[in-house]
Amino acid sequence: MTEQLISDYNAFLVQRGLVRNSISFYMRIMRAVYNKAVRQKLVEQTYPFSDVYTGIDRTRKRAVSESVISQIYKLELAERTPLALARDIFIFSYCTRGMAFVDVAYLKKENIQNGMICYARRKTGQLLSIRIEPCIQRIIDKYSSSSTYVFPILTSTETKKTYDEYQTAINNYNRFLRQLSKMLPEGCKLTSYTSRHSWATAARNHNVPISVISAGMGHATEQTTRIYLTTLENSIIDDANQGIINCLG
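Because the structure is predicted, anything quoted here is derived from the model rather than measured.

Quick word on the packing of aromatic side chains
Alright, step 1. In this structure the tally under the stated criterion is 8 aromatic pairs.
Alright, step 2. Taking 4.9 Å as the distance between ring centres and 70° as the angle between the ring planes, the aromatic pair formed by Phe92 and Phe151 counts as edge-to-face. Note that Phe92 is positioned in helix α4 (residues 82-95) and Phe151 in the loop between α6 (134-142) and α7 (159-181), a separation of 59 residues in sequence.
Alright, step 3. Classification of Phe92 as buried rests on a relative accessible area of 0%.
Alright, step 4. The ring of Tyr53 carries Arg20 above its face, with NZ or CZ at 3.6 Å from the centroid.
Alright, step 5. Between Arg122 and the ring centre of Tyr106, over which it is positioned, the NZ or CZ distance is 3.7 Å.

Here we look at the layout of surface pockets
Alright, step 1. What the second largest pocket holds in volume is close to 260 Å³.
Alright, step 2. For the second largest pocket, the lining is made up of 14 residues, of which Tyr106, Leu107, Lys108, Arg122 and Tyr149 are closest to its centre.
Alright, step 3. Mapped onto the lining of the second largest pocket, the elements with two or more residues apiece are α5 (101-106), β2 (116-120) and α7.
Alright, step 4. Split into classes, the residues belonging to the lining of the second largest pocket amount to 6 nonpolar, 4 polar and 4 charged.

Conventions we followed
Residues numbered from 1 in each chain as written. Predicted model: local features only at pLDDT ≥ 70, side-chain atom pairs only at ≥ 80, totals over all residues. Heavy atoms only, no water. Phe/Tyr/Trp six-rings, centres within 6.5 Å; stacked < 30°, edge-to-face > 60°. Helix = DSSP H or I, 4+ residues; strand = E, 2+ residues; numbered from the N terminus. Buried < 20%, exposed > 50% of the residue type's maximum accessible area, 1.4 Å probe, protein only. Lys NZ or Arg CZ within 6 Å of the ring centre and 35° of its normal. 1 Å grid on protein atoms, 1.4 Å probe; cavity = no way out; pocket = protein on both sides within 12 Å on 5 of 7 lines; lining within 4 Å. Points joined across faces, edges and corners; volume = space filled by probe spheres on them. Nonpolar A, V, L, I, M, F, W, Y, C, P; charged D, E, K, R; others polar.

Next up, the structure:
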């Protein structure tokens, strides 16, 4: 593992469009493995990470207020259009405790059973269970089809093809969210992360304990939230989610 190899890997990540904090995250993981190998005297310390960034940038605020979420929810958009789909996915994500877009895209009908959405986060593999509230069910019903998936985002079930479809879908989603942003008060910028951050902020504003927010969002480490409980009564999370959704009007 040489300085040139690390530099090339850094350039590869930049080319793929990863932000600085994400690149730093990967670098810190690799550095930890490398340093362990050094301690075990498997390799000689040559400091190959000295010229790449391994710090943590403060991220800009990504959340919008509950009033803005309500405005998005009530926007009058032509049905069965890409813009309406983007809005519905955004609201679905918010109402499902900030479900990440990748999990929304890969969500299958088999994940819906007995009034619950049960799925494993693709990022962490953590299993989550979400009670289906009426507004969630309305969105699911709107896109009912013969597809394996809940939403018309992916069509293939073959790994390589679904990955390519997902990359196109996330780009399109963010593009339509930028269009939706123009329909909102000035300064509101929507991205694929906004619904997730907004749910967490709303939950905090409703005095939901940090431990409940952490469990509800499927955070896997204390670095993601200040407190994380691996076991928590799911009904507590769902009751908190119901209170947040009811504020949509």
